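Reading the structure
The chain contents come next:
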2 protein chains.
Amino acid sequence: MATTRQWRLESRPVGEPTHENFDLVTIDRPEPGPGEVLVRTLYQSVDPYMRGRMRDAESYAEPWDVGDPMKAGVVGEVVESRYDGLEAGDVVTGELLWAEHAVAHGDDLRQVNPDHGPVSTALGVLGMPGVTAYFGLLDVAEPTPGDTVVVSAAAGAVGSVVGQLARLNGARVVGTAGSDEKIAWLTDDLGFDAAINYKDTDDLAGAVAEACPDGIDVYFDNVGGPITDAVWPLLNVRSRVAVCGQISIYNATEVPTGPRKLGKLIESRARVEGFLVRDYEGRWGEALDRLSTFVREGDLHYRENVVEGFENAPDAFMGLFEGENVGKQLVEVAEYED
Amino acid sequence: MATTRQWRLESRPVGEPTHENFDLVTIDRPEPGPGEVLVRTLYQSVDPYMRGRMRDAESYAEPWDVGDPMKAGVVGEVVESRYDGLEAGDVVTGELLWAEHAVAHGDDLRQVNPDHGPVSTALGVLGMPGVTAYFGLLDVAEPTPGDTVVVSAAAGAVGSVVGQLARLNGARVVGTAGSDEKIAWLTDDLGFDAAINYKDTDDLAGAVAEACPDGIDVYFDNVGGPITDAVWPLLNVRSRVAVCGQISIYNATEVPTGPRKLGKLIESRARVEGFLVRDYEGRWGEALDRLSTFVREGDLHYRENVVEGFENAPDAFMGLFEGENVGKQLVEVAEYED
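This is a predicted model, so every value here is computed, not measured. (Residues numbered from 1 in each chain as written. Chains lettered and ligands numbered in written order. Predicted model: local features only at pLDDT ≥ 70, side-chain atom pairs only at ≥ 80, totals over all residues. Heavy atoms only, no water.)

1. Notes on the overall build of chain A
Looking only at helices and strands, chain A features nine helices and 16 strands. Over its C-alpha atoms chain A spans a radius of gyration of 20 Å, differing by no more than 12% from the 20 Å that the globule rule assigns to 338 residues. By principal-axis analysis of the C-alpha atoms, chain A measures approximately 65 × 45 × 35 Å. By the burial criterion, 57% of the 338 residues in chain A qualify as buried. When contacts within chain A are restricted to residue pairs at least 6 apart in sequence, those whose partners lie at least 24 apart make up 68%. For chain A, the exposed area adds up to about 13,900 Å²; of that, 43% sits on carbon and sulfur atoms. (Helix = DSSP H or I, 4+ residues; strand = E, 2+ residues; numbered from the N terminus. Rg over C-alpha atoms; globule rule 2.2 N^0.38 Å. Buried < 20%, exposed > 50% of the residue type's maximum accessible area, 1.4 Å probe, protein only. Contact = heavy atoms within 4.5 Å. Areas by Shrake-Rupley, 256 points an atom, 1.4 Å probe, with all protein chains shown as cover.)

2. Thoughts on the domain arrangement of chain A
All names here are of chain A. Each assigned domain of chain A is listed here: domain 1 (3-124 + 303-332) and domain 2 (128-278). The straight-line distance from the C-alpha centre of domain 1 to that of domain 2 is 28 Å. For the interface between domain 1 and domain 2, the tally reads one salt bridge. Of the charged contacts, one joins R303 and E181 as a salt bridge, the two residues approaching to 2.9 Å between their closest N and O atoms. Counting across the domain 1 and domain 2 interface gives seven residue pairs in polar contact (both at pLDDT 80 or more). The class makeup of the residues in the side of domain 1 that touches domain 2 is 10 nonpolar, five polar and eight charged. (Domains from an automatic or database assignment. Salt bridge = Lys/Arg side-chain N within 4 Å of Asp/Glu carboxyl O. Polar contact = N/O pair within 3.5 Å; in protein donor to acceptor, adjacent residues only side chain to side chain. Nonpolar A, V, L, I, M, F, W, Y, C, P; charged D, E, K, R; others polar.)

3. Some remarks on the interface of chain B and chain A
The partner chain A presents 38 residues to the 38 residues of chain B that form the contact. Buried surface at the junction of chain B and chain A, both sides included, amounts to about 3,000 Å², of which 59% is carbon and sulfur. For the chain B face of the interface with chain A, the top three residues by lost area are R260(B), L262(B) and I266(B), together amounting to 28%. Inspection of the chain B/chain A interface yields six salt bridges. Linking D279(A) and R269(B) is a salt bridge whose minimum nitrogen-to-oxygen distance equals 2.7 Å. Remark: the boundary between chain B and chain A carries 14 residue pairs in polar contact (both at pLDDT 80 or more). (Buried area = accessible area lost by both parts, 1.4 Å probe.)

4. Regarding the relation of the copies chain B and chain A
Turning chain B through 180° and shifting it by 0.0 Å along the axis lays it on chain A, with an RMSD of 0.0 Å. As the rotation angle and translation indicate, the two copies are arranged about a two-fold axis. Among all residues of chain B, the minimum C-alpha distance to the rotation axis is found for V272(B), at 2.5 Å. The fraction of interface residues of chain B whose copies in chain A are also interface residues reaches 100%, indicating that both copies meet through the same surface. (Least-squares fit on C-alpha atoms with pLDDT ≥ 70 in both.)

5. Side note on the side chain of Q44(B)
Residues and elements named next belong to chain B. Among the secondary structure elements, Q44 is positioned in strand β3 (residues 36-45). You can call Q44 buried: its relative accessible area is 0%. Setting aside residues up to four positions removed in sequence, Q44 forms contacts with A72, G73, V74, W98, A99, L123, F310, A313, L330, V331 and V333.

6. Describing the sheet that holds strand β8 (residues 148-151) of chain A
Spatially, the 12 strands line up as an open sheet ordered β10(A)-β9(A)-β8(A)-β11(A)-β12(A)-β14(A)-β14(B)-β12(B)-β11(B)-β8(B)-β9(B)-β10(B), and their pairing is mixed. A strand with exactly one partner marks an edge of an open sheet, and here the two such strands are β10 (194-197) of chain A together with β10 (194-197) of chain B. Between one strand axis and the next, the sheet turns by 15° as a mean value, whatever way the strands run. As paired elements, strand β11 (residues 216-221) of chain B and strand β12 (residues 235-243) of chain B share five bridges and run parallel to each other. What sits directly across from V218(B), in β12(B), is R240(B). Each of β9 (172-177) and β10 of chain A touches helix α4 (residues 180-189) of chain A; the most contacted strand, β10(A), lies at about 175° to it. Taken strand by strand, helix α5 (residues 204-211) of chain B contacts β9 (172-177), β10 and β11 of chain B, and its axis lies near 175° from that of β10(B). (Pairing = 2+ DSSP bridges. Axes fitted to C-alpha atoms, helices over the stretch in contact; angles between N-to-C directions.)

7. Here we look at the packing of helix α2 (residues 128-141) of chain B against helix α8 (residues 284-296) of chain B
Residues and elements named next belong to chain B. Packing of α2 against α8 leaves a shortest axis separation of 10 Å and a crossing angle of 95°. On the basis of the axis angle, α2 is roughly perpendicular to α8. Facing α2, whose interface residues are M128, G130, V131, Y134 and F135, α8 presents W284, E286, A287, L288, R290 and L291. Considering only residue class, the contact of α2 with α8 consists of eight nonpolar, one polar and two charged. (Parallel < 35°, antiparallel > 145°, perpendicular 65-115°, else oblique.)

8. A word on α4(A)
Residues and elements named next belong to chain A. Every buried residue of α4 is accounted for by K182, I183, W185 and L186. For α4, the buried positions fall inside an angular range of 160° around the axis, keeping them on one side. Opposite the buried face of α4, by more than 90 degrees, sit the exposed residues D180 and D188. Buried residues along α4 sit against α3 (159-168), β9 and β10. (Arc of directions from axis to C-beta.)

9. A closer look at the packing of α2(B) against helix α3 (residues 159-168) of chain B
The geometry of a pair of packed helices is captured by two quantities: the angle between their axes and the separation between those axes. Residue and element names in this part refer to chain B. Orientation of α2 relative to α3, taken along the N-to-C sense of each, is 45°, at an axis distance of 8 Å. As the angle between them shows, α2 and α3 are arranged oblique. In the crossing of α2 with α3, the sense of the turn from one axis to the other is right-handed. Within the contact between the two elements, α2 uses G130, A133, Y134 and L137 and α3 uses V161, V162, L165 and A166. Residue composition of the contact of α2 with α3, by class: seven nonpolar, one polar and no charged. (Left-handed = near helix turned anticlockwise from the far one by under 90°.)

10. So, the pairing of strand β4 (residues 71-81) of chain A
All names here are of chain A. Across seven bridges, the pairing between strand β3 (residues 36-45) and β4 is antiparallel. Paired with Y43 across the strands is V75, a residue of β4. Pairing analysis gives seven bridges linking β4 to strand β5 (residues 91-97), with the strands arranged antiparallel. Note on β5: the bridge partner recorded for V74 is G94.

11. Concerning α5(B)
Residues and elements named next belong to chain B. Regarding α5, the residues found buried are L204, A207, V208 and A211. One face of α5 carries all of its buried residues, which in axial projection span an arc of 95°. Considering only its buried residues, α5 is in contact with β9, β10, β11 and α6 (226-231).

12. Let's talk about unusual backbone geometry
One non-glycine residue with positive phi stands out, namely E142(A), at about 50°. Residue position: E142(A) is located in the loop between α2 (128-141) and β8. You can call E142(A) partly exposed: its relative accessible area is 40%. One non-glycine residue, R269(B), adopts positive backbone phi at about 45°.

13. Details of the pattern of salt bridges
By the definition in use, this model includes 32 salt bridges over all chains. The salt bridge involving R238(A) is made with D279(B); its shortest N-O contact spans 3.0 Å. With R238(A) in strand β12 (residues 235-243) and D279(B) in the loop between β14 (271-274) and α8, this pair bridges two chains. According to the relative accessible area criterion, R238(A) is partly exposed, its value standing at 42%. With a closest N to O distance of 3.6 Å, R5(B) and E311(B) form a salt bridge. Of this pair, R5(B) sits in strand β1 (residues 3-9) while E311(B) sits in the loop between β15 (304-308) and α9 (313-320); the two residues are 306 residues apart in sequence, bridging distant segments of the chain. On the basis of relative accessibility, which here comes to 25%, the residue R5(B) falls in the partly exposed class. Several salt bridges converge on common partners, so that one network encompasses R5(A), E100(A) and E311(A).

Shown next, in the form of structure tokens:
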């Protein structure tokens, strides 16, 4: 019988995840039931939010059970279909598993048109990160032309789309990132008005203030912690903060503390709002239409950081917390041959 | 020549204000110019926000200059008028001075009808605190029937109105306050569903959780600090936090720190918004109409804590930070005889 491999949660991390938390298991390849399809993974996504699901605590996502295969956004190829409307060879995307093969109901998959661009983009600029950027910026933060928009983790899968959409919307855009390579990408290729390497300054608050002489109207926060502390005093009257992620504290083992922030909101009448992309499920198509048009017309650039080989998925995930990825972090599990 | 007295800012407080920061000065009684009126103060308001104006730092209110008379909400009687539409004997309210007499332009005053109730209410339930509660709750926090609403400093001038309005709106209402007398007033007279004496518990988070078995949909924050920390983990999906004041940290001499709070907003998709009542100037009449109807019909109760004697104004102000006042804190400067 054919086999396949899965990564399972071996144990819950305390602080930073390590190899000991992951277990690579070989199992019989599953067979699709009625309405289901068997998918061969081409690309698997690793994302910061997954750290929350490794935790045994209430979060916005159900925690994963120890011993179970972990879930992931996947782009894959249909191997066998018992679902009307999908057939072997179709490319699909959906939430599957950290696995070389997985079975899913056809209703839970979205077909990917390989003619629209590299299929991997269905996990990045034309997938969950792009859609997150789209609604978080346009629906939650609501930038207007002339606004100063600051985005943290600006060279990441979400942040890089946020900054470009803000620019297309007429904003002045400032990003923070953690390497000179990223800074160069933001300013030279993506058209950011300014970018700050937060690892390369002793005075982050001063650097942000210098880059934002008219204060900050929108802060799109992927990171939290000291970068948010530096942004906060500059929030303008009626500014908006969209809270998308807090990767700086996902691995914290004690309650993270920092300067109290609510007082500033009175003076500035600012609005701070958290959001989850899953609340926009019904409008996913709207975002993809717009994003794919921008990509096609050359207005929206992206980069992917591809780690080859399924066995390297945990390393790709752990690298997120080291800030190793420029753009979307992917694991290439199998080669796509169209 | 007739004289009058003013309290001036003698020096800026470091930490808690002390008597040394205030200077009582006798001056010639000012005379109204064209369009102006001379007002004899009946009641002067002292409010937490004044602490910000004593500071030499950018705030939502202009800082007061050292050596200048301080500003305050006042209810007073017109002594002499050079303004069409006001005459001697009229009762007016507006932002005047910590003074026994002051001059103001007639356009900056609002006439008070003594038949509608005690004139002092124009500084409390039918004045800035009441209007603050009205718009902060209904416009910013937007409670819906069945919501659990938590209000801090619930026995204060703003908080006591917030809680009652929330109840009239069909919410379950929980307040925090700092004495058993206040707790009794909230639950026995104002109809709060629960009230917590935060000075009388070792486990504030546990006490709030117990009082809010279905979590918290609206938090109206007058206080900040540990009470906000206790409220935060209970914020429900799509909950709203209206940030009105942060009295717990107004006297801080170092940057106050506490648990980082933004991560919780992602999971709960909560909205946190600061506001200032002055942004609702054009809608003041709407609020007063509603509030005075509630008062007249017995649906909205209030208390005033009146300190007699202009010379005691600094003590009345400093008492705010000790939590001494139940309801609106006023200074009676002269007796009103209608």
